[in-house]
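# Chain and residue survey
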Amino acid sequence: MPVVSDFENQWFSKHLRAANEPSLFATTSSIRAAGQTVLRFTWLRTFHHPVIVRVSWSRDRQPVLTTVELTGAGGYDPGKVKRTTTRNLNPVEIEALHAAIDAAHLGSVAPRACDFGFDGSEWIFETVNKSGYRAVIRWTPAAGEVRRLGLTLLRLSRWRFGDARDIY
């Protein structure tokens, strides 16, 4: 059984296209050939703006973080790019990011959990590294290391996303 249904593929992809984000799956071989690692977090909250946080790095290049927020809603039309930023991470941020990545075990956790519902959020993590492409999807995670990784990426964006009730 595929990790993502045809419906989800269309839903998730339309938000990535609106954010001008490339398909990591389709570019896996070129990312790997360049010796890069890419981690992308797509946060689709039903009634709030979609947010995508992507970090790219290699052994000889400092991690670069790109964040995009769209004007639409994660459960509906993606809208257009509202704001975007790209910046290098500093050593303290790099350490926090790597600690969160290591703790989340994205390479070994189940791609999907038995969690789904309505009016919540999809937390989609995609990684490309020397091992290839991998996706991990969680529905409105309330706790755990995968949630902490998402929160770390949102903090690294240096943007605010409403109050605590809006982080679901």
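Before reading on, note that the structure itself is shown above.
Predicted model only: the values in this text are computed from it and were never measured. (Residues numbered from 1 in each chain as written. Predicted model: local features only at pLDDT ≥ 70, side-chain atom pairs only at ≥ 80, totals over all residues. Heavy atoms only, no water.)

### Some thoughts on the packing of helix α3 (residues 91–104) against helix α4 (residues 145–156)
Relative to each other, α3 and α4 sit at 160°, their axes nearing to 8 Å. Between α3 and α4, the angle falls in the class roughly antiparallel. Read as a crossing pair, α3 and α4 show a hand that is left-handed. Residues Glu93, Ala96, Leu97, Ala100, Ile101, Ala103 and Ala104 of α3 form the contact with α4, whose participating residues are Glu145, Val146, Leu149, Thr152, Leu153 and Leu156. Partitioned by chemical class, the residues of the contact of α3 with α4 number 10 nonpolar, one polar and two charged. (Axes fitted to C-alpha atoms, helices over the stretch in contact; angles between N-to-C directions. Helix = DSSP H or I, 4+ residues; strand = E, 2+ residues; numbered from the N terminus. Parallel < 35°, antiparallel > 145°, perpendicular 65-115°, else oblique. Left-handed = near helix turned anticlockwise from the far one by under 90°. Contact = heavy atoms within 4.5 Å. Nonpolar A, V, L, I, M, F, W, Y, C, P; charged D, E, K, R; others polar.)

### Notes on the packing of aromatic side chains
Each pair of aromatic rings is reported with the distance of its centres and the angle of its planes. Counting across every chain of the model gives nine aromatic pairs. Ring centres of Trp11 and Phe12 lie 5.1 Å apart, and the angle between their planes is 45°; on these two criteria the pair is classed as tilted. The burial state of Trp11 is the same as that of Phe12; both residues are buried. Plain terms: the ring middles of Phe47 and Tyr76 are 6.0 Å apart, the flat faces sit at 35° to each other, and that makes the pair tilted. Of the two residues, Phe47 is situated in the loop between β1 (36–45) and β2 (51–58) and Tyr76 in the loop between β3 (61–70) and β4 (81–88); the sequence distance between them amounts to 29 residues. Accessibility expressed as a relative area gives 48% for Phe47, which makes it partly exposed. (Phe/Tyr/Trp six-rings, centres within 6.5 Å; stacked < 30°, edge-to-face > 60°. Buried < 20%, exposed > 50% of the residue type's maximum accessible area, 1.4 Å probe, protein only.)

### Let's talk about the pairing of strand β6 (residues 132–139)
On a regular strand, each side chain points to the face opposite its neighbour's, so the side chains alternate between the two faces of the sheet. The buried fraction of β6 amounts to six of the eight residues, a majority that puts the element mostly inside the structure. Pairing between strand β5 (residues 121–129) and β6: eight bridges, direction antiparallel. Each bridged residue has a counterpart across the sheet, and for Phe125 the counterpart in β6 is Val136. Following β5, the chain reverses through two residues before pairing antiparallel with β6. (Pairing = 2+ DSSP bridges.)

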